[in-house]
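Here's the letter readout for the chains.
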Amino acid sequence: MKIRIGQIPYLNSEVFYYALSCESIELVRLVPSALSMSAGQDQLDAGPVPLVTWFALEGRYQPLGDYCIATGERARSIFMFSNRPIEALEGSVIGVTGETSTSVLLLKVLLTHRFKVEPRKYGTLGELSDAFLLIGDEALRNRKGVLSYPYRYDLGEEWHRWTGLPFVFARWAVRRGLEPKIVERLSNQLNSSIDKGLANVDSIAKNRRDLGMSHDEVTEYVLSFNYHLGEKEYRSIELFRSFLDREINGGSESLIV
């Protein structure tokens, strides 16, 4: 029996898969939104599930160790580019990448609760917009800025400035009902892969020249992430969940996609 594991094809996730391949594992390349959909349809056994999807699927998936994708003071690859200051986005149109599950809700939380701004519409990339959200490798490719959008906001940085906490974009989960010995073996393999990946960032950097980043930039970027949940990460998860729950309990669907 092969275990189907979601593989996010972003630089910040490469350490998970650095030494994870084996005959009993099938890696399925999926951007976060597609991973969310596949998990929701029970098409995956495990993977780094986007945080908002984890909230929705807790009854069907259980945590796999304390493994996660968490940022510190900055995300470095979750950017909103805007043609005006963020405080002036009232009534605006914001384009959103189709790859996101959690980042778009983080953006909505920040705009609604921190900046007290209500855009007129969240649209798709490609349509005329006042601002737009990019994540992952595409955000890295545009990290130096976008013509006609002089304002760039790192959503992880904005969350940290506001709360003093890191932000958790995904946490590893495994399908409930999987044999305990399989779960234990996968956890050990994942832990070993993370350790080997972090110890061999040089190798990762050599294979990711497509991003237009220097060796040192790739190294700094990968090492800026926390791949294990700690006390601050757990606090951040619960705080973010509380903002989403507040909208649901208040009868508003403004933050729900």
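Residue positions are given per chain, counted from 1 along the sequence in the order it is written. For this predicted model, a pLDDT threshold of at least 70 governs which residues receive local features, and a threshold of 80 or more governs which side-chain atom pairs are given and counted, while totals over whole chains, interfaces and linings are taken from all residues. Each side-chain value is derived from all of the structure's non-hydrogen atoms; neither hydrogens nor water enter the calculation.

> Break down the side chain of S82 for me, with residues and values.
Here S82 shows up in strand 5 (residues 78-82). Two N or O atoms form a polar contact when they lie within 3.5 Å of each other; inside protein one atom must be a possible hydrogen donor and the other a possible acceptor, and for residues adjacent in sequence the pair counts only when both atoms belong to side chains. Of note is the side chain of S82, whose polar atom sits 2.6 Å from the backbone oxygen of R84. Throughout, a residue-residue contact means that at least one pair of heavy atoms, one from each residue, lies within 4.5 Å. Each residue touching S82, except ones within four places of it in the same chain, is listed here: L89, D130, A131, Y149, P150, Y151 and Y153. A run of H or I in DSSP counts as a helix once it spans at least four residues, and a run of E counts as a strand once it spans at least two, with each numbered from the N terminus.

> I'd like a rundown of the packing of aromatic side chains, residues and numbers included.
Between 30 and 60 degrees the pair is tilted, below 30 it is stacked and above 60 it is edge-to-face, where a pair is any two Phe, Tyr or Trp rings, Trp via its six-membered ring, whose centres lie within 6.5 Å. Counted by the stated rule, this structure contains 16 aromatic pairs. Pairing W159 with F240 gives two aromatic rings, centres 6.0 Å apart and planes at 90 degrees, and the pair type is edge-to-face. Of this pair, W159 sits in helix 6 (residues 155-163) while F240 is found in helix 10 (residues 231-249), placing the two residues 81 residues apart along the sequence. A connected cluster of aromatic rings, assembled from ring pairs, spans F16, Y17, W172, Y221, F225 and Y227. Consider the ring centre and the ring normal. A charge sits over the ring if Lys NZ or Arg CZ is within 6 Å of that centre and within 35 degrees of that normal. Taking NZ or CZ as reference, R171 lies 5.0 Å from the ring centre of W54, over its face.

> Mind laying out the environment of Q43, listing which residues take part and the relevant values?
When you line up the elements, Q43 lands in the loop between helix 2 (32-40) and strand 3 (46-50). Classification of Q43 by relative accessible area gives partly exposed; the value is 38%. In the structure, Q43 is positioned 37 residues away from G6 in sequence and 9.4 Å away in space, judged by C-alpha atoms. Leaving out residues up to four positions away in the same chain, Q43 has contacts with R4 and S38. Side chain to side chain, Q43 and Q41 meet in a polar contact 3.1 Å long. For every residue, the accessible area obtained with a 1.4 Å probe (protein chains only) is divided by the maximum for its type, and the residue is called buried under 20%, exposed over 50%, and partly exposed between those limits.

Function cannot be inferred from these measures alone, as they are strictly geometric.
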